[in-house]
Amino acid sequence: MLVILGFLIVLGAVFGGFALDDGHLAALYQPYELLMIGGGALGAFVIANDRKSIKATLKALPTLFHTSKYTRELYLELMSLLYEILAKVRKEGLMALEADIDAPHQSALFAKFPNILGDHHLVEFITDYLRLMVSGNMDPFQIENLMDNEIETHHQDGDLPIHAITKLADGMPAFGIIAAVMGVVHTMGSVGLPPAELGKLIAAALVGTFLGILLSYGVVGPLAALLQRKLNESSKMFQCIKVTLIASMNGYSPVLAVEFGRKVISATERPSFNELEAHFKQNKARA
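Rules behind the numbers
- Residues numbered from 1 in each chain as written.
- Predicted model: local features only at pLDDT ≥ 70, side-chain atom pairs only at ≥ 80, totals over all residues.
- Heavy atoms only, no water.
- Helix = DSSP H or I, 4+ residues; strand = E, 2+ residues; numbered from the N terminus.
- Rg over C-alpha atoms; globule rule 2.2 N^0.38 Å.
- Buried < 20%, exposed > 50% of the residue type's maximum accessible area, 1.4 Å probe, protein only.
- Phe/Tyr/Trp six-rings, centres within 6.5 Å; stacked < 30°, edge-to-face > 60°.
- Contact = heavy atoms within 4.5 Å.
- 1 Å grid on protein atoms, 1.4 Å probe; cavity = no way out; pocket = protein on both sides within 12 Å on 5 of 7 lines; lining within 4 Å.
- Points joined across faces, edges and corners; volume = space filled by probe spheres on them.
- Nonpolar A, V, L, I, M, F, W, Y, C, P; charged D, E, K, R; others polar.
- Expected span 1.5 Å × (residues − 1).
- Bend = angle between axes of the 7 residues up to and from the residue.
- Core = buried A, V, L, I, M, F, W, Y, C linked by side-chain atoms within 4.5 Å.

> If you had to explain the overall build of the protein to someone new, which residues and values would you point to?
Looking only at helices and strands, the protein features 12 helices and zero strands. Counting from the amino terminus, the protein carries its helices and strands in the arrangement α-α-α-α-α-α-α-α-α-α-α-α. Taking 19 Å as the expected radius of gyration for a compact globule of 287 residues, we find that the protein reaches 27 Å, considerably beyond that expectation. Principal axes of the C-alpha set define a box for the protein whose edges measure 90 × 40 × 30 Å. Considering the protein as a whole, with its 287 residues, one finds that 37% of them fall into the buried category.

> Lay out the packing of aromatic side chains in plain terms, naming residues and giving numbers.
Geometry of an aromatic ring pair is reported as the spacing of the ring centres plus the angle between the planes. The tally for this structure, following the rule as stated, stands at four aromatic pairs. Aromatic pair Phe15 and Phe210: ring centres 5.9 Å apart, planes at 90°, arrangement edge-to-face. A residue pair is termed long-range when its members are at least 10 positions apart, and Phe15 in helix α1 (residues 2–20) and Phe210 in helix α10 (residues 195–249) qualify at 195 residues. With a relative accessible area of 26%, Phe15 lands in the partly exposed category.

> Would you mind going over the environment of Phe280 in detail, with residue names and values included?
Within the secondary structure layout, Phe280 lies in helix α12 (residues 273–286). Along the primary structure Phe280 and Gly171 are separated by 109 residues, whereas in three dimensions their C-alpha atoms are 51 Å apart. Beyond its immediate sequence surroundings of up to four residues, Phe280 is in contact with Met79, Ser80, Tyr83 and Val258.

> Go over the layout of surface pockets, please, and point to the residues and values.
For the largest pocket, the calculated volume is near 1,200 Å³. Contributing elements (two or more residues each) for the lining of the largest pocket: α3 (51–60), α8 (120–135), α9 (140–188) and α10. By residue number, the principal contributor to the lining of the largest pocket is α9, which donates nine residues. Here the residues of the lining of the largest pocket sort into 13 nonpolar, 11 polar and 10 charged.

> Outline unusual backbone geometry, listing residues and values.
Most peptide bonds take the trans form, and the phi angle of most residues other than glycine is negative. Here the phi dihedral of Asp22 falls at roughly 65°; this positive angle occurs in a residue that is not glycine. Relative to the elements of secondary structure, Asp22 occurs in the loop between α1 and α2 (31–48).

> Which residues make up α10, and what are the values?
Helix length check: α10, at 55 residues, gives a terminal C-alpha distance of 80 Å against a target of 81 Å (1.5 Å per residue), a fit within 8%. At Gly221, α10 shows its maximal kink, close to 40°; a proline, Pro222, follows between one and four residues later. Gly251 sits one or two positions beyond α10 and adopts a positive phi of about 100°.

> I'd like a description of the nonpolar core, backed by residues and values.
Within the largest apolar cluster, 41 residues are counted, with the highest numbers of intra-cluster contacts made by Leu78, Leu81, Ile85, Ile126, Leu130, Ile241 and Leu245. Sorting elements by how many residues they give to this core places helix α4 (residues 72–92) first, with 10 residues. Apart from residues lying up to four places away in sequence, Ile241 is in contact with Leu78, Leu82, Leu122, Phe125 and Ile126. Val3, Ala60, Ile165 and Met172 belong to the second largest nonpolar core, which has 13 residues in total.

> A description of the environment of Leu28 should follow, citing residues and the corresponding values.
For Leu28, the position within the fold is in the loop between α1 and α2. In this structure, the C-alpha to C-alpha distance between Leu28 and His154, residues 126 residues apart in sequence, is 43 Å. Here Leu28 is in contact with Phe15, Phe18, Val207 and Phe210, once residues within four sequence places are set aside.

Structure follows, in structure tokens:
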């Protein structure tokens, strides 16, 4: 809803201000200018990106209109899962996790946290590194380095649509200038027309520059910024898991290990220590 609200504010302010200044909105209706700008930018987008980038962009666009799923409640659920995993390890040993790791969707432990279980990226990240911990052949530094590399790869994959949309936005002012130049060429080729008709042609040409800049900075560019924000939020979940598991491997108790993970969460979503402790007790009472 915020994306739609933002578009309404941008368009309302620009076109509303023009209308209040006694501008004629009909003069801004130039479908052929939009065709040149939009079509040219779309063609450049296809040229500049491979199938992987285009597919990632098309997949990412619908997420712009969804509210963020990385809420305080989701972090509470994640840390509760990690706490129960580490508590089980301390009580029964790492080998007790084999069944949970091999089939998390059939695991009673994971089943208590359906929101986490519904995110296959998070589940895969957790189970993969628990599997490495069970093997016992890697020290914390090796696993931490491997985690960092995987998180970086995740970030690079998520950056594909951001980069593509940013380049699309960067090119739109230039295509607006192209549309304006084409309009000027059309005007110069019609110098025999009356001044009133020439004025309309010049106005239409200038609309091209206006639309290119408006679409770039008021519509497409902000979408790339929002995708960047969403990518940073998703990476924070993996950072939380990484810090918690590494703290456990370094010998800290489950409570302290989860506290390490809590500290990397953004302040707006980070639950307090007392809130987290109360959540653990609540889950324990349900069990």
